[in-house]
Amino acid sequence: MNSTSEQETRDLITVIARFAAKGDPKKFERFFLEHVEYMRAQEGFGAHQAVTLRDDPSVYVNFGWWQSRKAFQQVVETEEFRAHQRVMHTLLDRAELDLCANLFRINAADSAGRREDFDKPLMHVVTFRTDGDEQLFEEAFAAHGEHIRKVHGFGYADLNKSLKEPGRYTGIAYWWNPDAYGPVTVHESYRALVDLAVEVTVEQVDHVAWNRASHVGSEDGRP
């Protein structure tokens, strides 16, 4: 699979934060993106993707990818981070944080085409809950990833395993061609994956911001 394998991502973590803005969502968004600039400059930061729910634009979801749990923990213990959190809490109705192991990163094969070949992408946040064999579920996701990476119009997907809630997995997926998504949901690899979950939640989202670490830059063809 042309992806970052589970072996390669074993030390990587994903911090998935869900925020419900209070009052004007754009006011929160402006401050949050200022906070992101601070995070981008910290050692161990990899990248982030911020989105809003299509059904409720006041709800933001941010995926923050870090090189290790230690690197993230060192940042959250700084006074500047804590000061940012105090400001954000005044702008929020609620906030949820899920620290996850980053298991898979699925990159598109050549057959999927290029981002510039398509118009506005389709983006989803997908949450799976399982109560069975986690290894079997992860193997099913790997098989699903091997299929979707070759689909014309596929962009990127990942899978993150909650370190707080056993059996909970969350990922984000980009479809450069929205029409490519429907047929995938009836393919045998996706059906096998869904059959191993007791609950699947698919939320359509809209892009807010995507950035890599400051020393790397931010050009990667994402929305």
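Predicted model only: the values in this text are computed from it and were never measured.

A. Examining the overall build of the chain more closely. Looking only at helices and strands, the chain has six helices and nine strands in total. Computed over its C-alpha atoms, the radius of gyration of the chain comes to 17 Å, within 12% of the 17 Å expected for a compact globule of 223 residues. Just so you have it, the chain exposes about 11000 Å², and 47% of that area is on carbon and sulfur atoms.

B. Focus on the packing of aromatic side chains. By the definition in use, this model includes 14 aromatic pairs. The interplanar angle of 25° and the centroid separation of 5.7 Å between the aromatic rings of Phe28 and Phe32 together place this pair among those described as stacked. Linking Phe28 with Phe32, this pair stays in helix α1 (residues 25-40), spanning four residues, or about one helical turn. Among the aromatic residues, those joined into a cluster by ring pairs are Phe19, Phe28, Phe32 and Tyr60.

C. Local environment of empty space enclosed by the protein. This model, assessed by the stated rule, comprises one cavity of 30 Å³ or more. Forming the walls of the largest cavity are 18 residues, and the residues nearest its centre are Val126, Phe128, His144, Ala173 and Tyr190. Sorting the residues of the lining of the largest cavity by element identifies β6 (122-129), α4 (134-148), β7 (154-162), β8 (168-175), α5 (181-184) and α6 (188-195) as the ones contributing at least two each. Here the lining of the largest cavity takes four residues from β8, the largest share from any one element. Here the residues of the lining of the largest cavity sort into 13 nonpolar, four polar and one charged.

D. Helix α3 (residues 79-90), seen in detail. Compared with the 16 Å implied by 1.5 Å per residue over twelve residues, the 17 Å span of α3 between its first and last C-alpha is a close match. Every buried residue belonging to α3 is among Phe81, His84 and Met88, and all of these are buried. In an axial view of α3, the angular spread of the buried residues amounts to 60°, which keeps them on one side of the axis. Opposite the buried face of α3, by more than 90 degrees, sit the exposed residues His89 and Thr90. On the buried face of α3, the contacting elements are α1, α2 (69-76) and β5 (92-107).

E. Layout of the environment of Phe81. With respect to the helices, strands and loops of the structure, Phe81 is situated in helix α3. A residue is classified by how much of its surface remains accessible, and Phe81, at 11% relative accessible area, is buried. Considering only alpha carbons, one finds Phe81 and Thr201, 120 residues apart in sequence, at a separation of 31 Å. Apart from the residues within four sequence positions on either side, Phe81 is in contact with His35, Tyr38, Met39, Val75 and Val76.

F. Geometry of the nonpolar core. Core analysis: the largest hydrophobic core is formed by 25 residues, its most contacted members being Phe104, Ile106, Phe128, Ile148, Phe154, Leu159 and Trp175. Elements with a contribution of two residues or more to this core: β5, β6, α4, β7, β8 and α5. In terms of residue count, α4 provides more of this core than any other element does, five residues in total. Counting residues in each nonpolar core, the second largest holds 19 residues, with Ala47, Phe63, Phe118 and Met123 among its members.

G. Quick look at the packing of α4 against α6. Put simply, α4 and α6 touch, their axes get as near as 9 Å, and they point 160° apart. The pairing of α4 with α6 is recorded here as roughly antiparallel in orientation. Handedness of the α4/α6 crossing: left-handed. Together, Phe137, Ala140, Phe141, Ala143, His144 and His147 of α4 and Ser189, Tyr190 and Leu193 of α6 make up the contact between the two elements.

H. Just the environment of Ser214, in detail. Locating Ser214 in the fold gives a position in the segment after β9 (199-212). With 80 residues separating them in the primary sequence, Ser214 and Glu134 have C-alpha atoms 35 Å apart. Setting aside chain neighbours within four positions, we find Ser214 in contact with Glu37, Arg40 and Ala41.

Cut-offs and rules
- Residues numbered from 1 in each chain as written.
- Predicted model: local features only at pLDDT ≥ 70, side-chain atom pairs only at ≥ 80, totals over all residues.
- Heavy atoms only, no water.
- Helix = DSSP H or I, 4+ residues; strand = E, 2+ residues; numbered from the N terminus.
- Rg over C-alpha atoms; globule rule 2.2 N^0.38 Å.
- Areas by Shrake-Rupley, 256 points an atom, 1.4 Å probe, with all protein chains shown as cover.
- Phe/Tyr/Trp six-rings, centres within 6.5 Å; stacked < 30°, edge-to-face > 60°.
- 1 Å grid on protein atoms, 1.4 Å probe; cavity = no way out; pocket = protein on both sides within 12 Å on 5 of 7 lines; lining within 4 Å.
- Points joined across faces, edges and corners; volume = space filled by probe spheres on them.
- Nonpolar A, V, L, I, M, F, W, Y, C, P; charged D, E, K, R; others polar.
- Expected span 1.5 Å × (residues − 1).
- Buried < 20%, exposed > 50% of the residue type's maximum accessible area, 1.4 Å probe, protein only.
- Arc of directions from axis to C-beta.
- Contact = heavy atoms within 4.5 Å.
- Core = buried A, V, L, I, M, F, W, Y, C linked by side-chain atoms within 4.5 Å.
- Axes fitted to C-alpha atoms, helices over the stretch in contact; angles between N-to-C directions.
- Parallel < 35°, antiparallel > 145°, perpendicular 65-115°, else oblique.
- Left-handed = near helix turned anticlockwise from the far one by under 90°.

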